[in-house]
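One letter stands for each residue in the lines below.
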Amino acid sequence: AILLLVLALLASLATERPLSDFTRDLASVARVPPFIGVVSNVGILCWASAAAIGLLTAAVLARHRAPKDLSLFFLGFGLLTTLLTLDDLFLLHERLFPRFLGLPEKVTVASYGVLLLFILIRFRPVYRTMRCFFLWAALAGFAASLLVDQVPEDVIPLHHLFEDGFKFLGICSWLAFVAQAALEQLGYRHEP
């Protein structure tokens, strides 16, 4: 916490922006209604929840000497989800990486896809034992969002409802998959 506050102070001094720009919430700084970006904000909360569940599950499974691939699966999923959380929160692929690293947006998004594909291929025997409906729903939501994003906004009525809506449904499904898989693997199976 202290490190983040020191970094905020240093960023304020380096950019000559008020310290409050780094410490207050966006709606206050931008002087916009607090509901601006509500779906995106809830999506970030869902990302963060999924990351925490994945990382905590990996730690618990490792501590209880579960099969190594099982804990590594949750670790990989948790780390990837942490990256996706940070990306969504700080607009990494949209603004920061292109501006400061010269990485085009599509390269970053493709790299996230490659990381996910690696996890899905490497740990296929692990997640095949799990209920995967929400995993496939998440991937379908993300794919649909990416497809809508490729279509000009004036072509699809309510473009952002579909683009952002599919993404949000994907994030919620991702969280549902991680939570359900964690509960199953930690021994809290729901018996119908």
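See the structure printed just above.
Residues numbered from 1 in each chain as written. Predicted model: local features only at pLDDT ≥ 70, side-chain atom pairs only at ≥ 80, totals over all residues. Heavy atoms only, no water.

Account for a negative patch on the surface, with residues named and values stated.
Negative charge collects at one region of the surface, where Glu94, Glu105, Asp149, Glu153, Asp154 and Asp164 lie side by side. By the secondary structure assignment, Asp154 is in the loop between α9 (133–149) and α10 (159–185). You can call Asp154 exposed: its relative accessible area is 72%. (Patch = residues over 30% accessible without salt bridge, like charges linked within 9 Å, V, L, I, M, F, W, Y side chains within 5 Å. Areas by Shrake-Rupley, 256 points an atom, 1.4 Å probe, with all protein chains shown as cover. Salt bridge = Lys/Arg side-chain N within 4 Å of Asp/Glu carboxyl O. Lys, Arg positive; Asp, Glu negative; His and termini not counted. Charge placed at Lys NZ, Arg CZ, Asp CG, Glu CD. Helix = DSSP H or I, 4+ residues; strand = E, 2+ residues; numbered from the N terminus. Buried < 20%, exposed > 50% of the residue type's maximum accessible area, 1.4 Å probe, protein only.)

Residue-level account of the packing of helix α4 (residues 38–63) against α10, with values.
Viewed as axis vectors pointing N to C, α4 and α10 meet at an angle of 20°, and their least axial separation amounts to 9 Å. By the angle between their axes, α4 is roughly parallel relative to α10. Once α4 is placed against α10, the crossing between them reads as left-handed. For the pair α4 and α10, the contacting residues are Val39, Val42, Gly43, Cys46, Trp47, Ser49, Ala50, Ile53, Gly54, Thr57 and Leu61 in the first and Phe168, Ile171, Cys172, Trp174, Leu175, Val178, Ala179, Ala182 and Gln185 in the second. (Axes fitted to C-alpha atoms, helices over the stretch in contact; angles between N-to-C directions. Parallel < 35°, antiparallel > 145°, perpendicular 65-115°, else oblique. Left-handed = near helix turned anticlockwise from the far one by under 90°. Contact = heavy atoms within 4.5 Å.)

I'd like a description of the packing of aromatic side chains, backed by residues and values.
Applying the stated rule across the entire model yields 13 aromatic pairs. Each ring, one from Trp47 and one from Trp174, has its centre 5.8 Å from the other, and the planes form 75°; the classification is edge-to-face. Here the residue Trp47 occupies a position in helix α4, and Trp174 occupies one in helix α10, the gap between them amounting to 127 residues. Comparing Trp47 with Trp174 shows no difference in burial state: the two are buried. Relative to Phe74, the ring of Phe73 has its centre 5.4 Å away and its plane inclined at 80°; by these criteria the two rings are edge-to-face. As far as the burial class goes, Phe73 and Phe74 line up, both buried. (Phe/Tyr/Trp six-rings, centres within 6.5 Å; stacked < 30°, edge-to-face > 60°.)

Please give an account of helix α7 (residues 105–122) that cites residues and values.
Every α-helical turn comprises 3.6 residues, leaving residues that sit three or four positions apart pointing alike. Look at α7: 26 Å from first C-alpha to last across 18 residues, which is about the 26 Å you get at 1.5 Å a residue. In this structure, the buried side of α7 is in contact with α5 (68–90), α6 (92–101), α8 (124–127), α9 and α10. (Expected span 1.5 Å × (residues − 1).)

An account of α10 is requested, with residue identities and associated values reported.
In this model α10 runs 39 Å from its N-terminal to its C-terminal C-alpha over 27 residues, within 8% of the 39 Å that 1.5 Å per residue would give. Following α10 by one or two positions, Gly187 adopts a phi angle in the positive range, close to 95°.

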